[in-house]
There are 2 protein chains.
Amino acid sequence: MRSKGLTSGHSCSCGPNKLTLPPSQGGLATPQLSNWTSAPLLDGTTSEPAYGGSKLVRLFSHPLYNIQTPALGPEERLLQVEQLIDYYRRKVSHWERHMKLYSLAAALANITVTNHEVTYDPDTSWLKFHLGINRYALYSRDDPTVLQLIKDMQSMTVISADYTQDEKALKGACDCTQVVKPSGHHLKLALKMRNLAKAMFKPMRQQRDEETPEDVFYFVDLQRHNAEIAAFHLDRILDFRRVPPVVGRLVNITSEVLKVTQNEDLRAVFFTSPANNTCFFAKCLYVCKTEYAACGSPDLLEGSLSAYLPGLSIAPRISIPSPWIRSYTFTGREEWEVNPFYCDTIKQQYPYNSGNRLLNIIDMSIFDFLIGNMDRHHYEIFTKFGDEGFLLHLDNARGFGKHAKDEMSILSPLSQCCMIKQSTLLRLQLLAQSEFRLSDVMRESLQEDSLRPILTEPHLLALDRRLHKVLRVVHQCVRRLGKDEVITEDFFKSTVTPEAATDGTMQR
Amino acid sequence: MRSKGLTSGHSCSCGPNKLTLPPSQGGLATPQLSNWTSAPLLDGTTSEPAYGGSKLVRLFSHPLYNIQTPALGPEERLLQVEQLIDYYRRKVSHWERHMKLYSLAAALANITVTNHEVTYDPDTSWLKFHLGINRYALYSRDDPTVLQLIKDMQSMTVISADYTQDEKALKGACDCTQVVKPSGHHLKLALKMRNLAKAMFKPMRQQRDEETPEDVFYFVDLQRHNAEIAAFHLDRILDFRRVPPVVGRLVNITSEVLKVTQNEDLRAVFFTSPANNTCFFAKCLYVCKTEYAACGSPDLLEGSLSAYLPGLSIAPRISIPSPWIRSYTFTGREEWEVNPFYCDTIKQQYPYNSGNRLLNIIDMSIFDFLIGNMDRHHYEIFTKFGDEGFLLHLDNARGFGKHAKDEMSILSPLSQCCMIKQSTLLRLQLLAQSEFRLSDVMRESLQEDSLRPILTEPHLLALDRRLHKVLRVVHQCVRRLGKDEVITEDFFKSTVTPEAATDGTMQR
């Protein structure tokens, strides 16, 4: 069907010397292709590329996925080693002091709290993950740290559990005039591991084959732990690397949450169900009701664990409303929904009037379209990297709700602005080829998670269908405006012309 | 299986002259059997009894179902004709005056409200239903009024819609410490018909084959419109007649609710869903969230309509906590749950220490056990009939949640007190016979509702299984304490001894 894209498997014509970062990215060294025959899988193994073998290995071995970030100056890294090590040391000693006092107090109050020792290890995975964050992405393609972090989140002893800051903020009165505000369905918790790694736990609320009812608005949809997991894998496959690592885990909510939490309020929302399962419900002020509880079987509950980013005190981020934000009311319409020339206005406004910000928004909209996430009201960036920083794709649990629905409005940034990064387009075209088919590489990648299967087949196949729709939108833009207007060269100086690249789409 | 009960079909040995009301019921005339060959069905037809024909007709033709209430004195009727007619007239003229003013105000405020004419008809069905309520039951077996009322509720033009008084009372602050209080899932509305009949509308929240999840507490279970309908039919089949008539109806929530309501708050909770269906959600202060909304398709929504009882101003009722109330907390236990001699205490306490009150509670517990309703925290009686009044079995929408579960604790009043009215027992035994099998007569009766099927087969078959369990509990009581202690003769002076009656059970 897609007979010819930019490259095809190993007969790729793009050699290392054909790849450079454009001048607009600053005076960076020439990127290099790493050894593309040994891209690591999430389980830490490597594999020889062979036709008919692992499509995922072949994908990650492809030159497009092996453009190395040049050596980074201090200003291009999010954190400095000394700073973070010092922060970590202080955390460990604070924990030890605190636990001494807390154990005494708990004993007096007759509360049994399991007291786990913490370990101090300057080689620990979360620390390395935090240190690896740079101005290009959250992690490097070939960094084994992510694999170790995933392993740690999957298996390491949980030493404490608490509400997240978001939920702690929910202390005000129950303002029910705000009917469309985020509901109390979020049962997310912050878990701390023995090495002081922190992960956000989102428990399973829905079976894999359950779909979002058609009458439910995107902004009140359930959060799906499997969507969170799948979004991380997709982001990695798209080579964005803007989603912090996420892993599935069977959590024992009695021994790993109830028995280790020091938060009275959290203990208070635990109960035993009529079926003798351990359950807990949201702290939330709107929906403090047991019918919305999450229950173990009797204690074990599936969930996603997402690695925390460095704390805001050492790595501040700002949260910016998306220019394509939805109205979050029943009937309201935002300007972008009614004005086909909306992007012309946006293009003239700071910070979208220069640099990559608008292209980054378009990347995000493609990602959201693929997962079917209509709930991207804000995006976050690290303050340190300024306006050129990459956008974090956090909170993807409302994706993968309806496999049969392709919500074209999510693609509005692309379809209205008619712009796309060349690097993004080339990878999308690669993933539309049967040898690297997106659903196949996703299926393979998700197979590595212990909670497999993560997505049902219809959701996997929807990815291919949606990918073709993205490429079709790009094609229409090129036909209307010409490739020079539409396709923005970023790092890629290729022998293959963008026209040939979009040709693949045109044949559909 | 049940070879011999009290009577068997048409070879019944109980002639009219064998039936009397006991002296304790007051100096009443001897009850008579009505013409038992022509009991009316709910659709108004009558049918000749014939072996192999309608089991329901045969049941209602049985002498046990044809003991007529003697002529009633004024004090034995809930309402006097003149009083009610006067009340109705005032309601009609109030409505007309009010609508004149409201139409003006609505026009000024640019609100379109459909203005239906009301009719004044002293022969109207709801008026007759209210006039028929007496100290024995809500309606008489052979009263065609109920059939007409059901027809009217099913088809009559709705002229206004509003929240119920219960929901209007929910105006206080959102007290989320009360985690186990009735949740906001109740979407019930009061609908007024053209003849000023009032009915409570409970919309469909669950498909027929959906079951209550095992981790959900009874007190937060969804309310099921079909349970409300089925409970009315069961109550009629048990010959209790303590449930006001209920009928299923496809309600157009746009034209029959939104367009006729004069309540701003109610209008405000309507919205159009992403699938373009009309939806509304609870006014409730806890759960004012669209994900719990009820949606039409696009406007039509199934629901139950329950006839209103006369207003509290003309027919006051009192609501009394059940002595077997549950704790309504996660871990609390009530005394009846831990003390096997609980009933001995209750038997000595007013009003359970004399008269029929305790036997009425036991009737209610049998009814609740059959439908699987664990949520009977209070019962209501008409003040006028004093302590001897019958108990109203209102609000049965939490029945029929789990077909496979027989919640024996609901039967505690029976199993702990070991008492039952002879009249109740005889009917239960009749319904355990294959010729009158409870599931068969229920299936037949429910077939008359326009929303058929009302119950799935597993729920119908559960009725037979539960009925046998009730009879087994009675049997165990008789074996332990003797029939004279257990079976209380009420209206029945039969040639068949209670022992023979329970024999039927003993054979199982």
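The structure presented is a predicted model; accordingly, all values stated were derived computationally and were not measured.

**Considering the overall build of chain A**
- Each helix and strand in chain A was counted, giving 17 helices and 12 strands.
- A burial count over chain A gives 58% of its 508 residues as buried.
- When contacts within chain A are restricted to residue pairs at least 6 apart in sequence, those whose partners lie at least 24 apart make up 78%.
- Surface summary for chain A: the accessible area is close to 20,600 Å², and the carbon and sulfur share equals 52%.

**Some remarks on the nonpolar core**
- The biggest cluster of nonpolar side chains holds 136 residues, and the ones touching the most others in it are B:F382, B:L438 and B:M442.
- Among the elements that line this core, the one with the most residues is helix α11 (residues 357-371) of chain B, at 10 residues.

**Notes on unusual backbone geometry**
- Cis geometry is found at the peptide bond from A:R452 to A:P453, where omega equals -5°.
- Mapped onto the secondary structure, A:P453 falls in the loop between α14 (438-446) and α15 (457-481).
- One non-glycine residue, B:C418, adopts positive backbone phi at about 50°.
- Judged by relative accessible area, B:C418 falls into the buried class, the value being 2%.

**Overview of the pairing of strand β1 (residues 158-163) of chain A**
Residues and elements named next belong to chain A.
- Burial of β1 is extensive: five of the six residues sit out of reach of the surface.
- Bridging between β1 and strand β2 (residues 189-193) involves five bridges; their strand directions are antiparallel. Along β2, the bridge assignment pairs D162 with A190.

**Some words on the UniProt feature "binding site: Mn(2+)" (unreviewed entry) in chain A**
All names here are of chain A.
- Following the UniProt record, one finds the feature "binding site: Mn(2+)" (unreviewed entry) at D395.
- If you trace the backbone, D395 turns up in the loop between β10 (378-382) and α12 (412-417).
- Exposure remark for D395: the relative accessible area of 42% places this residue in the partly exposed category.
- Those residues in contact with D395 that lie beyond four places of it in its chain are K202, Q223, E228, N373 and R376.
- A polar contact of 2.6 Å, which involves the side chain of D395, links it to the side chain of K202.

**So, the sheet that holds strand β2 (residues 189-193) of chain B**
Residues and elements named next belong to chain B.
- Within the open sheet, the five strands sit side by side as β1-β2-β3-β8-β4. Their pairing is antiparallel. Looking at strand neighbours, the two that pair on one side only are β1 (158-163) and β4 (246-252), the edges of this open sheet. This sheet shows a mean twist of 35° between the axes of neighbouring strands, independent of strand direction.
- Across the sheet, helix α4 (residues 144-155) is in contact with β2, β3 (198-203), β4 and β8 (300-307); its angle to β4 comes to roughly 15°.

**Comments concerning the pattern of salt bridges**
- Within the structure shown, the criterion is met by 51 salt bridges over all chains.
- Of the charged contacts, one joins A:D363 and A:K421 as a salt bridge, the two residues approaching to 3.3 Å between their closest N and O atoms. With A:D363 in helix α11 (residues 357-371) and A:K421 in strand β11 (residues 420-421), the pair connects residues that are 58 residues apart, well separated along the chain. Each member of the pair, A:D363 as well as A:K421, is classed as buried.
- The salt bridge involving B:D406 is made with B:R465; its shortest N-O contact spans 2.7 Å. Here the residue B:D406 occupies a position in the loop between β10 (378-382) and α12 (412-417), and B:R465 occupies one in helix α15 (residues 457-481), the gap between them amounting to 59 residues.
- On the basis of relative accessibility, which here comes to 32%, the residue B:R465 falls in the partly exposed class.
- In the salt-bridge network here, residues are joined through shared partners; they are A:K55, A:R437, A:D440, A:R443 and A:E457.

**Here's the deal with helix α3 (residues 125-132) of chain B**
Residues and elements named next belong to chain B.
- Here α3 lies mainly inside the structure; seven of its eight residues are buried.
- The complete set of buried residues in α3 reads S125, W126, L127, F129, H130, L131 and G132.
- Those residues of α3 that are buried lie in contact with α2 (81-108), α4 and β8.

**Concerning the side chain of A:S160**
- For A:S160, the position within the fold is in strand β1.
- Not counting residues within four places of it along the chain, the set of residues in contact with A:S160 comprises A:W95, A:A190, A:L191, A:K192 and A:V260.

**So, the packing of helix α13 (residues 422-431) of chain A against α15(A)**
All names here are of chain A.
- Running from amino to carboxyl end, α13 crosses α15 at an angle of 135°, the nearest separation of the two axes being 10 Å. Regarding the angle of α13 to α15, the classification is oblique. By crossing handedness, the relation of α13 to α15 is classed as left-handed. Touching L425, L428, Q429 and L431 of α13 are L467, V470, L471 and V474, all from α15.
- Split into classes, the residues belonging to the contact of α13 with α15 amount to seven nonpolar, one polar and no charged.

**Observations concerning the packing of helix α6 (residues 225-237) of chain B against helix α14 (residues 438-446) of chain B**
Residue and element names in this part refer to chain B.
- Running from amino to carboxyl end, α6 crosses α14 at an angle of 125°, the nearest separation of the two axes being 10 Å. With respect to their mutual orientation, α6 and α14 come out oblique. Between α6 and α14 the crossing geometry is right-handed. When α6 is examined against α14, the residues I229, A230, H233, L234, R236 and I237 are found in contact with a partner set consisting of L438, V441, M442, S445 and L446.
- Taken together, the residues that form the contact of α6 with α14 break down as eight nonpolar, two polar and one charged.

**Here we look at the environment of A:L238**
All names here are of chain A.
- Take L238: it is sitting in the loop between α6 (225-237) and β4 (246-252).
- Separated by 173 residues in sequence, L238 and Y65 place their C-alpha atoms 9.1 Å apart.
- Not counting residues within four places of it along the chain, the set of residues in contact with L238 comprises Y65, F367, L370, R427, L428 and L431.

**What about the state of the cysteines?**
- Tallying each qualifying case throughout the model produces six disulfides over all chains.
- Here A:C343 pairs with A:C417 through a disulfide, and the sulfurs are 2.0 Å apart. Judged by the torsion about the S-S bond (105°), the A:C343/A:C417 disulfide is right-handed. With A:C343 in helix α10 (residues 342-347) and A:C417 in helix α12, this pair connects stretches of sequence that are 74 residues apart. Side by side, A:C343 and A:C417 carry an identical accessibility label, which is buried.
- The disulfide partner of B:C418 is B:C477, and the gap between their sulfur atoms is 2.0 Å. As the torsion about the S-S bond is roughly -75°, the B:C418-B:C477 disulfide counts as left-handed.

**Comments concerning the packing of aromatic side chains**
- Under the counting rule described, the total for this entry stands at 20 aromatic pairs over all chains.
- Between the aromatic rings of A:Y139 and A:F232, the centroid separation amounts to 6.3 Å while the plane-to-plane angle is 55°, which identifies the pairing as tilted. With a gap of 93 residues between them, A:Y139 in the loop between α3 (125-132) and α4 (144-155) and A:F232 in helix α6 connect regions that are remote in the sequence.
- Judged by relative accessible area, which is 3%, A:Y139 ranks as buried.
- For A:F232, a relative accessible area of 0% gives the class buried.
- Pairing B:W324 with B:Y342 gives two aromatic rings, centres 5.4 Å apart and planes at 85°, and the pair type is edge-to-face. Of this pair, B:W324 sits in the loop between β9 (317-321) and α9 (335-338) while B:Y342 sits in helix α10 (residues 342-347), and the two are 18 residues apart along the sequence.

**Focus on the environment of A:L463**
All names here are of chain A.
- Note on placement: L463 falls in helix α15.
- On the accessibility criterion, L463 (0% relative accessible area) is buried.
- Separated by 140 residues in sequence, L463 and P323 place their C-alpha atoms 25 Å apart.
- Those residues in contact with L463, other than ones at most four positions away along the chain, are L234, L370, F400, L438 and M442.

**Some words on the sheet that holds strand β8 (residues 300-307) of chain A**
Residues and elements named next belong to chain A.
- Strand order in the open sheet made by the five strands is β1-β2-β3-β8-β4, with antiparallel pairing throughout. The open sheet terminates on both sides in strands that have one partner only, identified here as β1 and β4. Across the sheet, the mean angle separating the axes of adjacent strands is 35° when strand polarity is ignored.
- Two strands pair when backbone bridges link them, and β4 and β8 are joined in this way by seven bridges, in the antiparallel orientation. Across the sheet, residue N252 finds its bridge partner in β8, namely L300.
- Sitting on the sheet, α4 is in contact with β2, β3 (198-203), β4 and β8, with an inclination near 15° to β4.

**Considerations on the confidence of the model for chain A**
Residues and elements named next belong to chain A.
- Model confidence for chain A is summarised by a mean pLDDT of 83, while 80% of its residues fall at 70 or above.
- This stretch, residues 1-40, has a pLDDT under 50; its non-local contacts, to residues over four places away or in other chains, come to 108 contacts.
- Across residues 170-184, where pLDDT falls below 50, the model places 31 contacts with residues more than four positions away in sequence or in other chains.
- Overall fold confidence (pTM) sits at 0.80, and the ipTM for the predicted complex is 0.73.

Criteria and thresholds
- Residues numbered from 1 in each chain as written.
- Chains lettered and ligands numbered in written order.
- Predicted model: local features only at pLDDT ≥ 70, side-chain atom pairs only at ≥ 80, totals over all residues.
- Heavy atoms only, no water.
- Helix = DSSP H or I, 4+ residues; strand = E, 2+ residues; numbered from the N terminus.
- Buried < 20%, exposed > 50% of the residue type's maximum accessible area, 1.4 Å probe, protein only.
- Contact = heavy atoms within 4.5 Å.
- Areas by Shrake-Rupley, 256 points an atom, 1.4 Å probe, with all protein chains shown as cover.
- Core = buried A, V, L, I, M, F, W, Y, C linked by side-chain atoms within 4.5 Å.
- Pairing = 2+ DSSP bridges.
- UniProt positions renumbered as here; feature names shortened; annotations may be inferred.
- Polar contact = N/O pair within 3.5 Å; in protein donor to acceptor, adjacent residues only side chain to side chain.
- Axes fitted to C-alpha atoms, helices over the stretch in contact; angles between N-to-C directions.
- Salt bridge = Lys/Arg side-chain N within 4 Å of Asp/Glu carboxyl O.
- Parallel < 35°, antiparallel > 145°, perpendicular 65-115°, else oblique.
- Left-handed = near helix turned anticlockwise from the far one by under 90°.
- Nonpolar A, V, L, I, M, F, W, Y, C, P; charged D, E, K, R; others polar.
- Disulfide = S-S within 2.5 Å.
- Phe/Tyr/Trp six-rings, centres within 6.5 Å; stacked < 30°, edge-to-face > 60°.
- pLDDT = per-residue confidence, 0-100.

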